[in-house]
Amino acid sequence: MTTATDIAEAQLKMPLRRDPSVGHRLLHRTLKPLVGTPVNAVVTLACLWIIWLAAKGAYGWLVTRAVTEGGAQACKVGQGACWPFYEAKLRFMIFGVYPYEEHWRVLLAMALFLGSMAITMIPRFWSRKLLVLWGVTIVASAVLIGGGVFGLSYVPTTQWSGLPLSFLLSAVGLALGFPLGVLLALARSSKLPAIRVIAIVFIEVIRGVPLISILFMASVMLPLFMPSGITVDKLLRAQIAIIIFAAAYIAEAVRGGLQAIPRGQHEAASAMGLHYWQSMRLIVLPQALKIAIPPLVNISIGFFQDTTLVTIIGLLDFLSTVRTAMTDPNWVGIAVLEGYVFAAAVFLLFSYGMGAYSRFLERRMRLGHD
């Protein structure tokens with residue numbers, strides 16, 4: 001009969017089993033999804049090979065074979081990136097036809113805008129004080145870019161161009177289109193037939209035509225309906241068209257969030273004695289907007305990229321200034337790839353930043369199914 005003493009002696013004679021180190025466990029967790037099956041291993045190796053070829057080619061074009069001096073003549077015979085093109089045309093691609101000696105004003109306005117945006121993205125700063133911050137930022141940016149006061153020379157809107165113009169059109173369009181879109185979503189979900197029909201007609205008509213047609217209508221047709229002697233600034237017309245177009249798409253995203261709210265939430269608000277606007281402001285809309293974060297960010301990215309369409313009405317957005325820089329007689333046919341690579345990098349940077357922030361909000365608000 002085996003006793004407790006015999007069991008203890010047998011355990012002492014057994015060889016000690018060493019636990020794997022933290023490094024081994026981390027390596028196992030990392031490699032297991034990559035080489036878990038033969039198919040996964042082949043796909044992983046193929047992807048690594050493609051990434052290696054892309055990185056090698058990009059490094060060779062940007063560094064090894066790149067032309068760093070000598071101007072346009074050296075770039076004609078070069079096999080890599082033409083860095084002198086950036087040195088000669090970078091400021092024009094960013095600021096466009098804005099007066100060269102006044103670029104510091106636009107740069108400062110962009111710094112104020114991006115700084116306010118960075119503060120707004122931090123959750124602990126979410127309060128009504130942000131309205132004051134953005135009010136100051138908008139006024140200060142308008143004064144800096146437009147001028148005409150405080151000793152700053154006046155710059156007409158026809159000279160507002162480049163990357164600042166793309167920021168202005170997309171940011172103001174989304175900022176003003178968002179509350180209008182929320183109202184349209186509530187109107188389309190209303191029980192009042194007249195309000196619901198008006199909202200449906202507006203949303204479906206705007207979403208049924210491309211943005212370029214609305215920009216064309218705002219630029220060409222709107223002045224025909226204005227009284228004689230009264231003109232509307234071209235930039236303002238484009239901005240109004242973008243606001244209306246953004247509102248229609250935001251309305252559908254918000255309406256999807258409203259439909260996802262259980263009916264019990266509305267009944268609970270009614271049981272608490274809240275009227276319609278109180279229940280919407282305090283209970284329903286916060287949940288609906290949280291659900292609508294992914295489509296709203298997708299709309300924001302799309303509208304930032306769609307600002308390139310304003311070139312159809314004569315405004316020089318960021319992509320238009322890049323194309324104009326490439327048509328310079330000194331650089332035509334030389335720096336085509338360099339210009340489009342720079343434009344793609346800028347759009348990718350800001351679009352990826354908005355997407356990354358969206359994922360951060362989703363994790364913070366626990367939008368997954370965990």
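The model shown is predicted, which means the values in this text are computed figures rather than measured ones. (Residues numbered from 1 in each chain as written. Predicted model: local features only at pLDDT ≥ 70, side-chain atom pairs only at ≥ 80, totals over all residues. Heavy atoms only, no water.)

## Description of the pattern of salt bridges
Here comes step 1: A full pass over the atoms with the stated rule returns seven salt bridges.
Here comes step 2: Linking Asp-328 and Lys-89 is a salt bridge whose minimum nitrogen-to-oxygen distance equals 2.4 Å. Here Lys-89 lies in helix H5 (residues 83-95) and Asp-328 lies in the loop between helix H15 (318-326) and helix H16 (336-364), a separation of 239 residues in the sequence.
Here comes step 3: Among the ionic pairs, Arg-207 bridges to Glu-204, the shortest N-O distance being 3.7 Å. You can see Arg-207 and its partner Glu-204 sitting in helix H9 (residues 193-207), three residues apart, about one turn around the helix.
Here comes step 4: For Glu-204, a relative accessible area of 35% gives the class partly exposed.
Here comes step 5: A single network of salt bridges, built from pairs that share partners, joins Arg-188, Glu-204, Arg-207, Glu-252 and Arg-255. (Salt bridge = Lys/Arg side-chain N within 4 Å of Asp/Glu carboxyl O. Helix = DSSP H or I, 4+ residues; strand = E, 2+ residues; numbered from the N terminus. Buried < 20%, exposed > 50% of the residue type's maximum accessible area, 1.4 Å probe, protein only.)

## Description of unusual backbone geometry
Here comes step 1: Positive phi, normally seen in glycine, also occurs at Phe-150, with a value near 55 degrees.
Here comes step 2: Within the secondary structure, Phe-150 is located in the loop between helix H7 (129-146) and helix H8 (163-188).

## Some points on the confidence of the model for the protein chain
Here comes step 1: When the pLDDT values of the protein chain are averaged, the result is 82; 89% of them are 70 or greater.
Here comes step 2: Of all secondary-structure elements in the protein chain, the lowest mean pLDDT belongs to helix H1 (residues 4-13), at 56, while helix H6 (residues 103-120) reaches the highest, 90. (pLDDT = per-residue confidence, 0-100.)

## Considering the packing of aromatic side chains
Here comes step 1: Under the definition given, this model contains 16 aromatic pairs.
Here comes step 2: Between Phe-85 and Trp-331, the ring centres sit 5.5 Å apart and the planes meet at 70 degrees, which makes this aromatic pair edge-to-face. Linking Phe-85 in helix H5 with Trp-331 in the loop between H15 and H16, this pair joins segments that are 246 residues apart in sequence. Note on accessibility: Phe-85 and Trp-331 belong to one class, buried.
Here comes step 3: Here the aromatic cluster, defined as three or more aromatic residues joined through ring pairs, consists of Trp-83, Phe-85, Tyr-86, Phe-113, Trp-134, Phe-167, Phe-304, Phe-318, Trp-331, Phe-342, Phe-347 and Phe-350.
Here comes step 4: The ring of Tyr-249 has Arg-207 sitting right over it, with the charged end atom 5.7 Å from the ring centre. (Phe/Tyr/Trp six-rings, centres within 6.5 Å; stacked < 30°, edge-to-face > 60°. Lys NZ or Arg CZ within 6 Å of the ring centre and 35° of its normal.)

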